[in-house]
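Each chain, letter by letter, is given below.
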Amino acid sequence: MALRRPMVAGNWKMNGSAQLAQELFKKFSTKLQDDSAEVVLCPPTIYLESVRQQLDINKEALNGCLVRMGAQNLSQHDFGAYTGEVSGKMLKDSGCRYVIIGHSERRRMYGETSDIVAEKFAAAQKHGLTPILCVGESGPAREARRTFEVIAEELDIVIAKNGTMAFDNAIIAYEPLWAVGTGKSATPEQAQEVHAFIRKRLSEVSPFIGENIRILYGGSVTPSNAADLFAQPDVDGGLIGGVSLNSTEFLSLCSIAMSA
């Protein structure tokens, strides 16, 4: 069985501040104990430099703990007249290691199709970034028992453009749309069922990828439900929204992941 290091990725969305970065790292430097889990901070683009500064300032205090920086989105284009967009090269130059791709809010609010998501996935890897690919079904799709169908379609379009082996350098985040930001989380059993499906789907083409890829759960994860979610055999941590803005609760999630 593969030894997949758990990951806790904090997606600040359009929230946060330079002060939040300072608060997080102050607690990281005194509370994080080892490298048994990887922590990723994904602030708004304007605060990437604040997080990067804190990474540099606290490098020794972190004592080997794996704290990385990621972005919330990128353009599928490398450069050009795309006002307001940020390229993969720019994110790499800013110190990012990861980037969230295809978050449900990007798909729903900004019309990102699965084809665009596949292009962004390719752009991230082209510039040395590891994509955190978000997939998940809506409430009506789950009620219609189309969960696996929807997720398979979202995966297959990315695979068609990039190949299965592209997932050797990728993370998947299962985020049921009916749970994102609603306070209603999937049960551990529901999360495990979908994560196992994703792993099996990739294993059919590449057993190595299927066994080794990390699959995060995202959708109203809190310190009260994280232990049961992270204990599932195919759940490798979480993509965290609102709780990532509370330094005490986010640190609690990191500690839970480290002991999972």
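Scoring rules and cut-offs
- Residues numbered from 1 in each chain as written.
- Predicted model: local features only at pLDDT ≥ 70, side-chain atom pairs only at ≥ 80, totals over all residues.
- Heavy atoms only, no water.
- Axes fitted to C-alpha atoms, helices over the stretch in contact; angles between N-to-C directions.
- Helix = DSSP H or I, 4+ residues; strand = E, 2+ residues; numbered from the N terminus.
- Parallel < 35°, antiparallel > 145°, perpendicular 65-115°, else oblique.
- Left-handed = near helix turned anticlockwise from the far one by under 90°.
- Contact = heavy atoms within 4.5 Å.
- Nonpolar A, V, L, I, M, F, W, Y, C, P; charged D, E, K, R; others polar.
- UniProt positions renumbered as here; feature names shortened; annotations may be inferred.
- 1 Å grid on protein atoms, 1.4 Å probe; cavity = no way out; pocket = protein on both sides within 12 Å on 5 of 7 lines; lining within 4 Å.
- Buried < 20%, exposed > 50% of the residue type's maximum accessible area, 1.4 Å probe, protein only.
- Polar contact = N/O pair within 3.5 Å; in protein donor to acceptor, adjacent residues only side chain to side chain.
- Core = buried A, V, L, I, M, F, W, Y, C linked by side-chain atoms within 4.5 Å.
- Pairing = 2+ DSSP bridges.
- Right-handed = clockwise from strand over helix to strand, strands pointing away.

Visitor: Hey, could you run me through the packing of helix α1 (residues 18–31) against helix α2 (residues 48–57) in this one?
Guide: Angle between the axes and distance between the axes are the two parameters that describe a pair of packed helices. At a minimum axis distance of 9 Å, the contact between α1 and α2 shows a crossing angle of 25°. Put simply, α1 runs roughly parallel to α2. Crossing of α1 over α2 shows right-handed handedness. Where α1 abuts α2, its residues Ala-18, Ala-21, Gln-22 and Phe-25 lie against Ser-50, Val-51, Gln-54 and Leu-55. Of the residues contributing to the contact of α1 with α2, the split by class is five nonpolar, three polar and no charged.

Visitor: What should I look at first to understand the UniProt feature "active site" (unreviewed entry) in the protein chain in this one?
Guide: As annotated in UniProt, the feature "active site" (unreviewed entry) corresponds to His-103 and Glu-175 in the numbering used here. Over a stretch of 73 residues, the named residues converge on one spot in the fold, their C-alpha atoms separated by at most 8.3 Å. Put simply, the named residues that line the largest pocket are His-103. Within the secondary structure, His-103 sits in the loop between β4 (98–101) and α4 (104–110). Judged by relative accessible area, which is 6%, His-103 ranks as buried. With residues near it in sequence (within four places) discarded, His-103 still touches Asn-11, Lys-13, Cys-134, Glu-175, Val-180 and Leu-239. Once you skip the residues sitting within four places of it in the chain, Glu-175 turns out to touch Gly-102, His-103, Ser-104, Cys-134, Val-135, Gly-136, Val-180 and Gly-218. Of the polar contacts made by the side chain of Glu-175, one reaches the backbone nitrogen of Ser-104; its length is 2.6 Å.

Visitor: Help me understand the UniProt feature "binding site: substrate" (unreviewed entry) in the protein chain in this model?
Guide: Those residues carrying the UniProt feature "binding site: substrate" (unreviewed entry) are Asn-11, Trp-12, Lys-13, Gly-181, Ser-220, Gly-241 and Gly-242 in this numbering. A stretch of 232 residues holds the annotated residues, and the largest C-alpha distance among them is 13.9 Å, short enough that they meet in one place. Lining of the largest pocket among the annotated residues: Asn-11 and Lys-13. In this view, Lys-13 contacts Cys-42, Pro-44, Gln-72, His-103, Glu-105, Val-180 and Gly-241; residues no more than four positions away in its chain are not counted. Here Ser-220 lies in the loop between β7 (214–217) and α10 (226–230). Setting aside anything within four residues of it in sequence, one finds Ser-220 in contact with Ala-179, Gly-181, Thr-182, Gly-183, Lys-184, Ser-185 and Asn-225. Among the polar contacts made by the side chain of Ser-220, one reaches the main-chain carbonyl oxygen of Ala-179 at a distance of 2.7 Å.

Visitor: When you look at the environment of Leu-133 in this model, what are you seeing that I'm missing?
Guide: Among the structural elements, Leu-133 can be located in strand β5 (residues 130–135). Assessed through its relative accessible area of 0%, Leu-133 is described here as buried. For Leu-133 and Phe-121, which are twelve residues apart along the polypeptide, the C-alpha to C-alpha distance reads 7.5 Å. The contacts of Leu-133, once residues within four sequence positions are left out, are Ile-101, Arg-107, Val-117, Phe-121, Leu-155, Val-158, Phe-167, Ile-171, Ile-172 and Ala-173.

Visitor: Can you walk me through the nonpolar core in this structure?
Guide: For soluble globular proteins, the rule of thumb is that nonpolar side chains tend to be buried together. Phe-28, Phe-167 and Ile-198 are the most contacted members of the largest nonpolar core, which totals 69 residues. It is helix α11 (residues 247–259) that provides the largest number of residues to this core, a total of seven residues. Cys-42, Ile-100, Cys-134 and Leu-239 belong to the second-largest nonpolar core, a separate cluster that totals twelve residues.

Visitor: Sorry if this is basic, but what is going on with the pairing of strand β2 (residues 38–42) here?
Guide: Taken residue by residue, a regular strand's side chains alternate between the two faces of the sheet. With five of its five residues buried, β2 lies for the most part within the structure. On β2, burial covers both faces: Glu-38, Val-40 and Cys-42 on one face and Val-39 and Leu-41 on the other are all buried. Direction of pairing for strand β1 (residues 7–11) relative to β2: parallel, over a ladder of five bridges. Bridge pairing links Gly-10 to Leu-41 in β2. Considered for its hand, the β-α-β crossover made up of β1, α1 and β2 is right-handed.

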